[in-house]
Amino acid sequence: QVQLVESGGGLVQAGGSLRLSCTASGRTFNRYPMGWFRQAPGKERDFVAGTSWSDGSAYYAEFVKGRFTASRDNAKNTVYLQMNSLKPEDTAIYYCAAAVGLGIPRRAYEYSYWGQGTQVTVSS
């Protein structure tokens, strides 16, 4: 079993920055591809970014590319999502998730473990 806990959400003005963190239980965290998803009220859960366990390579959704940076520190069992140039449309609950497999899955059903989410609100 893997337990994920997100932190770092909050209220920020448009153009500001936040850094989300997700800490996982277990001592083999480096073996899990990790993803960040977000879900706004009335919307589907969308993939935001992900990192591979093998080399830390990242993949980003088009709507955050150039603004967000996903990274991981396997020694700390933690993944991060640095969010810059935030826009009101970024407002959502952000979830981290862990997959079992290779590469960087981009669909929610490909992830086995989920955190409870952290609220990000961007005001205009």
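Residues numbered from 1 in each chain as written. Predicted model: local features only at pLDDT ≥ 70, side-chain atom pairs only at ≥ 80, totals over all residues. Heavy atoms only, no water.

Student: What exactly am I supposed to notice about the overall build of the protein chain here?
Tutor: Of the regular secondary structure elements, the protein chain holds zero helices and 11 strands. Along the protein chain, helices (α) and strands (β) appear in the sequence β-β-β-β-β-β-β-β-β-β-β when read from the amino end. For 124 residues, the compact-globule estimate of 2.2 N^0.38 gives 14 Å, and the protein chain sits close to it at 13 Å. Oriented by its inertia axes, the alpha-carbon framework of the protein chain measures out at about 40 × 25 × 25 Å. In the protein chain, buried positions account for 42% of the 124 residues. If you take every contact in the protein chain between residues at least 6 apart in sequence, the share linking residues at least 24 apart comes to 58%. Of the accessible surface of the protein chain, which amounts to about 6,600 Å², a share of 45% is contributed by carbon and sulfur atoms. Considering the protein chain, the positive charge centre built from 13 side chains and the negative charge centre built from 9 side chains are found 4 Å apart. (Helix = DSSP H or I, 4+ residues; strand = E, 2+ residues; numbered from the N terminus. Rg over C-alpha atoms; globule rule 2.2 N^0.38 Å. Buried < 20%, exposed > 50% of the residue type's maximum accessible area, 1.4 Å probe, protein only. Contact = heavy atoms within 4.5 Å. Areas by Shrake-Rupley, 256 points an atom, 1.4 Å probe, with all protein chains shown as cover. Lys, Arg positive; Asp, Glu negative; His and termini not counted. Charge placed at Lys NZ, Arg CZ, Asp CG, Glu CD.)

Student: Explain the pairing of strand β5 (residues 46–51) here, please?
Tutor: In the case of a regular strand, side chains alternate between the two sheet surfaces. Of all six residues in β5, five are buried, a share of seventy percent or more. Note that strand β4 (residues 34–39) and β5 share five bridges and pair antiparallel. By the bridge assignment for β5, Met-34 is matched with Thr-51. Here β4 folds back onto β5, and the loop between the two strands holds six residues, one of which, Gly-42, carries a positive phi near 75°. Relative to strand β6 (residues 58–60), β5 runs antiparallel, the two being bridged by three bridges. (Pairing = 2+ DSSP bridges.)

Student: Which parts of the structure should I look at to understand the environment of Leu-86?
Tutor: Relative to the elements of secondary structure, Leu-86 occurs in the loop between β8 (78–83) and β9 (92–99). Judged by relative accessible area, which is 2%, Leu-86 ranks as buried. Taking the C-alpha atoms as reference points, Leu-86 and Gln-13, 73 residues apart in sequence, are found 7.7 Å from one another.

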